[in-house]
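One letter stands for each residue in the lines below.
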Amino acid sequence: MNSCASPSDNRVDTADLARRIRKDVLRMVHRTRASHVGSCFSMADMMAVLYGRCLRIDPLHPDAADRDRVVVSKGHAAAAVYATLANRGFFPLEWLDHYTENGGLLAGHASHNVPGIELSTGSLGHGLSVGTGMALAARVQQSERRTFVVLSDGECDEGSIWEAALFAGHHGLDNLTVLVDYNKIQSFGRVADILRLEPFADKWRSFGWAVREVDGHDHAALAETLESLPLSAGQPGVLLCHTVKGKGVSFMEDQMVWHYKSPNDEQLAQALRELENAR
Ligand SMILES: Cc1ncc(C[n+]2csc(CCOP(=O)(O)OP(=O)(O)O)c2C)c(N)n1
């Protein structure tokens, strides 16, 4: 079994990191009247555990040859990606103040010219194909590096996801781990109503993947799973992370409107208060 090899001094308090990610995202989307706060909050805990506990990465050397690769395929949640990377030291926190600014570095969808971002994403459905190629390349190069891909559930409507899943299963890429942010909402509808994914775990299994279902807000459960990869030797692994869209702020949780809506001044203040009080 490969365990996470992050040096202990590289580990952080993931609850604190997740809180900082959510607070930064709130301030970013409020300032620019941007969208996707709900999408950012459902994956904030996954990002905190990945970047705070598990990944073999060095923010000071973001291009190190044998770093783990991460592709956040749900690139519309870029604010959470940028907030995570800034809080882990990939670039200064001040950059977050310029999110979506004309001519700025931090675009509204995840952009690969930002330190720590491997692939520009936002056109849903591409991240797993690229991640699968990264995993195959690591095997060919006999590198120990791992590849992690974060998908959204609505994104799994894309046929390209299943082509890549078929390929990774066929090649037994156990250096590849997918985390699905299974928040059960896609834009303005429920996944179960728009295009049913269930039995979701069985679909992945039938493509040759090892599957683990986990509460995507339970840091201990996420860490335990991510610290004992691969899920199964000789198979790619997928974590179906059961999450709540808008998690962490009472009036945003499981509310479709927060896919696009931006908080006003009052809502921002209340949301920040709630996150602070949840300590
Ligand atoms: C190929 C493609 N089609 C449509 C969109 C527009 N779009 C942005 S987010 C989204 C759906 C969001 O739902 P989900 O994928 O479940 O992500 P969540 O925000 O709930 O995590 C869509 C259709 C897109 N970004 N890419």
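Above this note sits the structure.
Keep in mind that this is a model prediction, so the values were computed, not measured. (Residues numbered from 1 in each chain as written. Predicted model: local features only at pLDDT ≥ 70, side-chain atom pairs only at ≥ 80, totals over all residues. Heavy atoms only, no water.)

This next bit is on the pattern of salt bridges. The tally for this structure, following the rule as stated, stands at 14 salt bridges. For D66, the salt bridge is made with R145, and the minimal N-O distance between the two is 3.5 Å. Here R145 lies in the loop between α4 (127-140) and β2 (147-152) and D66 lies in the loop between α2 (37-54) and β1 (69-72), a separation of 79 residues in the sequence. The class of R145 is buried, set by a relative accessible area of 7%. Through salt bridges with shared partners, a single network forms among D16, R19 and R20. (Salt bridge = Lys/Arg side-chain N within 4 Å of Asp/Glu carboxyl O. Helix = DSSP H or I, 4+ residues; strand = E, 2+ residues; numbered from the N terminus. Buried < 20%, exposed > 50% of the residue type's maximum accessible area, 1.4 Å probe, protein only.)

The grouping of F188, V257 and Y260 at the surface amounts to a nonpolar patch, some 300 Å² of accessible area in total. Structurally, the position occupied by F188 is in the loop between β4 (185-186) and β5 (189-190). (Patch = residues over 30% accessible without salt bridge, like charges linked within 9 Å, V, L, I, M, F, W, Y side chains within 5 Å. Areas by Shrake-Rupley, 256 points an atom, 1.4 Å probe, with all protein chains shown as cover.)

Below, the discussion takes up the sheet that holds strand β6 (residues 210-215). Ordered in space as β1-β2-β3-β7-β6, the five strands form an open sheet in which the pairing is parallel. Because the sheet does not close on itself, it has two edges, and the strands there are β1 and β6. With direction set aside, neighbouring strand axes in the sheet form an average angle of 20 degrees. As judged from the six bridges shared by β2 and strand β3 (residues 176-182), these two strands associate in the parallel manner. Looking at β3, one finds that V150 is bridged to L179. Sheet strands in contact with α2 are β1, β2, β3 and β7 (237-242), and its direction is about 150 degrees off that of β3. (Pairing = 2+ DSSP bridges. Axes fitted to C-alpha atoms, helices over the stretch in contact; angles between N-to-C directions. Contact = heavy atoms within 4.5 Å.)

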